[in-house]
Amino acid sequence: MKRVILSIILAGVTSFAFAQKGEVAEAKKAWGIFQITGQNASVPMAKKLETLSGALAHTDKAIADEKSKIMPEAWSYRALLSSAIAMVDTANVQNADANLKIATDAIAQAKTLDTKGAEKENIALAETNVANAVRNAGVIAYNKKDFKTAYNKFVQATTINPADTSMYLNAGIAARTLGDYPGTIQQFKKVISLNSPQSKDLYAEIIDITLKQQKDTTAGLALIKEAAAKFPEEPSFIKTETQIYIDKGDAAKSEQMLNTLATKEPNNATYQVLLGNIYFSQALKLQNDRNKIDAKKVKEFTEVTTKMNGLLDKSVPYYKKALDIDAKNAGALETLKTIYAFKNDTKNYDEIKKRLDALPKQ
C-alpha cells in the first residue's frame, strides 16, 4: 500500500475589482491597485501588505461612522481586504490570524446587512479567501515542521469546508506525524467516508495503526472486514485478517474463512496462496523456536523439525493449486522456492526457480 502524503498546493488570492464613494470608495480604489500588484510575484510581500492594510484602514473609518457602518459593501470590502491580508502574509502568523478574525466577523456582518444580495459575490470571494488562507497556513506550518499548528489549521479548514477531502487528509497526516493516532484515525476515516480515491491506502494505514500502535485486535478486525467489503479485490486485507487468527493461535479459523471464500471463488489463486500461508507461517514460527533449542537437546530438536516439515508439506498443495489457477503467481512460486530450498529438493527447486526467473521483472 502506498503511504499517503500531504497535499501542499497553496491557493492564490481570488480577486475582483469594484468602485464606490467616500471611505468605501477609497478602499475599493486601493483594492483595485492590489489587483494590479497583488498577482505579480516580483512585488514584495511587504508592498502588497502595505496596499491592503491601507485599504483596510479606510473600512475602519467606514464602519466607525453611524451612516456608513450599515452599508453592506463597507463590510464586504472589509472582509475582502482582511482575508487577502491573511492570504498574503505568510511571515507573521499572528497578523494573519488577526486578519482572519476580522474577515470572519466582517463576512457575518455583511451577510446580515446585504438583504438584497448586492454583495453576494464579494462575500463569497472573501469566504474563499478565508478558506484558502487557513489551508495555506496549515501547509506553511507543516513545512516548518510545526505539526501541531498545522494540525489545528487543517482541522479549522475542515470546519470551514466540511467537504474538503484534502484537508481531512492533511489533518490526518499531521496527526500521524505528531503520534496522535486517535486523531489520525478520525481524520482518515472522514476521508474514506467522502469516497476518496485514496480510501484503500487509508484503510491500510488505520488498520496498521490500530493493530500495531493501539494493540486493538477487535477494532482492527472490524476495520479489516469493513475494508474487505469495500475492496473485495484487495488480498492484503484478507491476508492480514488470517494472520491475526494465526497469531492468536486460531489457524482453524483462518482456514475456515479462506475455505469458504475459495469455495465461492474457486478460480481465485489468492485464496489458495493464503491457505498455504497458514501452514507456512506456522512452520516459520517453529523454525524460530527450533533455533533457540540447545544443540545438545537432539530429541527436542528432531520433534520440532518433524512438526515443521509436516506443516510445510501441508502448505505445498495449496501453492501448487494456486499455480494451476495462475501459472505466473509470484507469491506461490516464491514460497515454493523457499520450501524446496529448505528441504534440499534440488529438482523441484530448480524447476520453480526457472519459472520464477521467467516472470517479467517489476
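Note that the structure is predicted; figures quoted are calculated from it, not measured. (Residues numbered from 1 in each chain as written. Predicted model: local features only at pLDDT ≥ 70, side-chain atom pairs only at ≥ 80, totals over all residues. Heavy atoms only, no water.)

Draft legend 1. Representation of the pattern of salt bridges in the model. Following the criterion strictly, the structure yields 15 salt bridges and no others. The residue Asp-105 makes a salt bridge to Lys-101 at a minimum N-O spacing of 2.6 Å. With Asp-105 and Lys-101 both in helix α4 (residues 93–113) and four residues apart, this pair spans about one turn of that helix. Here Lys-353 and Asp-357 are joined by a salt bridge, their closest N and O atoms 2.8 Å apart. In this pair, Lys-353 and Asp-357 are both assigned in helix α16 (residues 346–357), four residues apart and thus about one turn of the helix distant. Residue classification places Asp-357 among the partly exposed residues on the basis of a relative accessible area of 43%. (Salt bridge = Lys/Arg side-chain N within 4 Å of Asp/Glu carboxyl O. Helix = DSSP H or I, 4+ residues; strand = E, 2+ residues; numbered from the N terminus. Buried < 20%, exposed > 50% of the residue type's maximum accessible area, 1.4 Å probe, protein only.)

Draft legend 2. Seen up close, the nonpolar core. Trp-31, Leu-52, Phe-237 and Leu-258 are the most contacted members of the largest nonpolar core, which totals 100 residues. Top contributing element to this core by residue count: helix α3 (residues 72–88), with 11 residues. With sequence-adjacent residues up to four places away left out, Leu-258 is seen in contact with Ile-238, Thr-242, Tyr-271, Leu-274, Leu-275 and Ile-278. (Core = buried A, V, L, I, M, F, W, Y, C linked by side-chain atoms within 4.5 Å. Contact = heavy atoms within 4.5 Å.)

Draft legend 3. Quick peek at the environment of Lys-248. Along the chain, the position of Lys-248 falls in the loop between α11 (235–247) and α12 (251–264). Between the C-alpha atoms of Lys-248 and Thr-217, which are 31 residues apart in sequence, the distance is 9.8 Å.

Draft legend 4. Highlighting the side chain of Asn-122. Secondary-structure assignment places Asn-122 in helix α5 (residues 120–143). Polar contacts involving the side chain of Asn-122 include one to the side chain of Ser-76, which spans 3.4 Å. A polar contact of 2.9 Å, which involves the side chain of Asn-122, links it to the side chain of Glu-119. (Polar contact = N/O pair within 3.5 Å; in protein donor to acceptor, adjacent residues only side chain to side chain.)

Draft legend 5. Region of the structure containing the packing of aromatic side chains. Counting across every chain of the model gives four aromatic pairs. Residues Tyr-203 and Phe-237 carry aromatic rings whose centres are separated by 6.5 Å and whose planes lie at 80° to one another, so their mutual orientation is edge-to-face. Of this pair, Tyr-203 sits in helix α9 (residues 199–213) while Phe-237 sits in helix α11, placing them 34 residues apart in sequence. By relative accessible area, which is 3% here, Phe-237 ends up buried. Members of the aromatic cluster, joined through ring pairs, are Tyr-203, Phe-231 and Phe-237. (Phe/Tyr/Trp six-rings, centres within 6.5 Å; stacked < 30°, edge-to-face > 60°.)

Draft legend 6. Expanded view of the packing of helix α2 (residues 45–64) against α3. Where α2 meets α3, the axes come as close as 9 Å, and the angle between the chain directions of the two elements is 155°. By the criterion of interaxial angle, the relationship of α2 to α3 is roughly antiparallel. Judged by the twist between their axes, the crossing of α2 over α3 is left-handed. In contact with Met-45, Lys-48, Leu-49, Leu-52, Ser-53, Ala-55, Leu-56, Thr-59, Asp-60, Ala-62 and Ile-63 of α2, α3 contributes Ala-74, Trp-75, Tyr-77, Arg-78, Leu-81, Ser-82, Ala-84, Ile-85 and Val-88. Its residues placed into classes, the contact of α2 with α3 shows 14 nonpolar, three polar and three charged. (Axes fitted to C-alpha atoms, helices over the stretch in contact; angles between N-to-C directions. Parallel < 35°, antiparallel > 145°, perpendicular 65-115°, else oblique. Left-handed = near helix turned anticlockwise from the far one by under 90°. Nonpolar A, V, L, I, M, F, W, Y, C, P; charged D, E, K, R; others polar.)

Draft legend 7. Focus on the environment of Lys-111. Among the structural elements, Lys-111 can be located in helix α4. Contacts of Lys-111, omitting those with residues within four sequence positions, involve Ile-123 and Glu-127. A distance of 2.5 Å separates a polar atom in the side chain of Lys-111 from a polar atom in the side chain of Glu-127.

Draft legend 8. View of the packing of helix α13 (residues 269–291) against helix α15 (residues 330–342). Direction vectors running N to C along α13 and α15 enclose 35°, while the axes themselves pass 12 Å from each other. Note that α13 runs across α15; the crossing there is left-handed. Contacts from Val-273, Phe-280, Gln-287 and Arg-290 in α13 reach Ala-332, Thr-335, Thr-338, Ile-339 and Phe-342 in α15. Tallied by class, the residues present in the contact of α13 with α15 amount to five nonpolar, three polar and one charged.

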